[in-house]
Amino acid sequence: MNRVLVLLLVCLLVSCGEEQHDLTVKGHIDGLKKGTVYLKKVKDSALVNVDSLIINGNPNFELHSKLESPEVFFLFLDKNSKQEDGISFFADKGITEINTSLKNFMFDAKITGSKQQKVLEDYQTMISKFNDRNLDLIKDKFDAQIAGDTTKLNTLEKQYNSILKRRYLFTVNFALNNKDSEVAPYLALTEIYNAKTSLLDTINVSLTENVKASKYGQELQKFIDDIKASEKK
């Protein structure tokens, strides 16, 4: 038999024998020698483990999961101590790569993979500016309380409420501008779930059919339906 044909048949047999995975999460944790890496996701309002790997000398890892539609997963590191650090990321079918360090596991994380992750990172970059301003206001409010300055305290409270409103509106606009991404219903469910039903409905109606059929698209529809049903009682 032709040698090339034999090699092709061998490769085919090997590939058929390998288990196929919807999602593969792989990467490198610089400085890690011992510990356990966990891949987790939310199921029925609880964080559940879907795969894990014991690290013993080799800082590289590879984890797997089934995946029906784009979904947020969490990479946790147990360093055999009381502290457990986690990285959240938006995954789609295929490969997601996460490279980070033991020293700053969450903050050094560089994530490449799904287009949804890129959209989520764009949102997080912008929303961090609102969060930084809120932290400044909280500090100023604390100082005003200590000083007994009620006038300044009232002014700061108005500024805080204004930033909160702008944050909500920014999230709504971001979701509307990314109606073709599963990130849109995810943000509605996690960032502005307590917003007016009309705002949530605006996002829901704008979603593309594919996104409406996704995990978070269906959850958003059910969430809105439940709210409307409770309002009628």
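Residues numbered from 1 in each chain as written. Predicted model: local features only at pLDDT ≥ 70, side-chain atom pairs only at ≥ 80, totals over all residues. Heavy atoms only, no water.

A. View of the overall build of the protein. Along its length, the protein carries 7 helices and 8 strands. Considering the protein as a whole, with its 233 residues, one finds that 36% of them fall into the buried category. A separation of at least 24 residues holds for 56% of the contacts in the protein among residues at least 6 apart in sequence. Of the roughly 14500 Å² of accessible surface on the protein, a fraction of 53% belongs to carbon and sulfur atoms. (Helix = DSSP H or I, 4+ residues; strand = E, 2+ residues; numbered from the N terminus. Buried < 20%, exposed > 50% of the residue type's maximum accessible area, 1.4 Å probe, protein only. Contact = heavy atoms within 4.5 Å. Areas by Shrake-Rupley, 256 points an atom, 1.4 Å probe, with all protein chains shown as cover.)

B. Summary view of the nonpolar core. Formed by 34 residues in total, the largest nonpolar core has its most connected members in Phe90, Tyr186, Leu187, Ile192, Ile203 and Leu220. For isoleucine 203, the contacting residues outside a window of four places in its chain are Val172, Ala175, Leu176, Ala184, Ala188, Ile192 and Leu220. Grouped together as the second largest cluster of nonpolar side chains are 20 residues, Leu23, Leu77, Ala91 and Ile98 included. (Core = buried A, V, L, I, M, F, W, Y, C linked by side-chain atoms within 4.5 Å.)

C. Representation of the sheet that holds strand β8 (residues 110-112) in the model. The sheet built from 4 strands is open, its strands ordered β4-β1-β7-β8 with mixed pairing. On the outer flanks of this sheet lie β4 (60-65) and β8, each paired with one strand and no other. Averaged over neighbouring strand pairs, the angle between their axes works out to 15 degrees when direction is ignored. Direction of pairing for strand β7 (residues 94-101) relative to β8: antiparallel, over a ladder of 3 bridges. Considered in β8, the bridge of asparagine 99 is made with lysine 110. (Pairing = 2+ DSSP bridges. Axes fitted to C-alpha atoms, helices over the stretch in contact; angles between N-to-C directions.)

D. Broad picture of the confidence of the model for the protein. Mean pLDDT over the protein: 88, with 90% of residues reaching 70 or higher. Note that pLDDT drops below 50 for residues 4-8; the model gives that stretch 1 contact with residues more than four away or on any other chain. Contacts for the low-pLDDT stretch residues 10-17, under 50 throughout, to residues beyond four places or in other chains number 1 contact. (pLDDT = per-residue confidence, 0-100.)

E. Structural detail: the packing of helix α3 (residues 150-177) against helix α5 (residues 197-206). As a packed pair, α3 and α5 sit with axes 9 Å apart at the nearest point and diverge in direction by 10 degrees. Between α3 and α5, the crossing angle belongs to the class labelled roughly parallel. Here Val172, Ala175 and Leu176 of α3 come into contact with α5, specifically with Leu199, Thr202, Ile203 and Ser206. (Parallel < 35°, antiparallel > 145°, perpendicular 65-115°, else oblique.)

F. Seen up close, the pattern of salt bridges. Applying the stated criterion to the full structure yields 9 salt bridges. Here lysine 118 and aspartate 122 are joined by a salt bridge, their closest N and O atoms 3.0 Å apart. Taken together, the residues span about one helical turn, with lysine 118 and aspartate 122 both in helix α2 (residues 115-147) at a distance of 4 residues. Residue lysine 118 is classed as partly exposed on the basis of its relative accessible area, which comes to 48%. One network of salt bridges, with partners in common, ties together Glu71, Lys215 and Glu219. (Salt bridge = Lys/Arg side-chain N within 4 Å of Asp/Glu carboxyl O.)

G. Focus on α3. Over its 28 residues, α3 runs 40 Å from end to end, which matches the ideal 40 Å to within 8%, given 1.5 Å per residue. Where α3 is concerned, the buried positions are Leu156, Ile163, Arg167, Tyr168, Phe170, Thr171, Val172, Phe174 and Ala175. Check the buried side of α3 and you find it contacts α2, α4 (183-190) and α5. (Expected span 1.5 Å × (residues − 1).)

H. View of the packing of aromatic side chains. Applying the stated rule across the entire model yields 9 aromatic pairs. Centre to centre, the rings of phenylalanine 90 and tyrosine 186 are 5.5 Å apart; their planes meet at 80 degrees, and the pair counts as edge-to-face. Of this pair, phenylalanine 90 sits in strand β6 (residues 84-91) while tyrosine 186 sits in helix α4; the two residues are 96 residues apart in sequence, bridging distant segments of the chain. For the pair phenylalanine 90 and tyrosine 186, a shared accessibility class is recorded, and that class is buried. Geometrically, the ring pair formed by phenylalanine 90 and tyrosine 216 is edge-to-face, given 5.8 Å between the ring centres and 75 degrees between the ring planes. With phenylalanine 90 in strand β6 and tyrosine 216 in helix α7 (residues 215-232), this pair connects stretches of sequence that are 126 residues apart. Exposure class is identical for phenylalanine 90 and tyrosine 216. Each is buried. Site record: aromatic cluster; members linked through ring pairs are Tyr123, Phe130, Phe170 and Phe174. The ring of tyrosine 38 carries lysine 40 above its face, with NZ or CZ at 5.4 Å from the centroid. Positioned over the ring face of tyrosine 160 is lysine 141, at 4.9 Å from the centre of the ring. (Phe/Tyr/Trp six-rings, centres within 6.5 Å; stacked < 30°, edge-to-face > 60°. Lys NZ or Arg CZ within 6 Å of the ring centre and 35° of its normal.)

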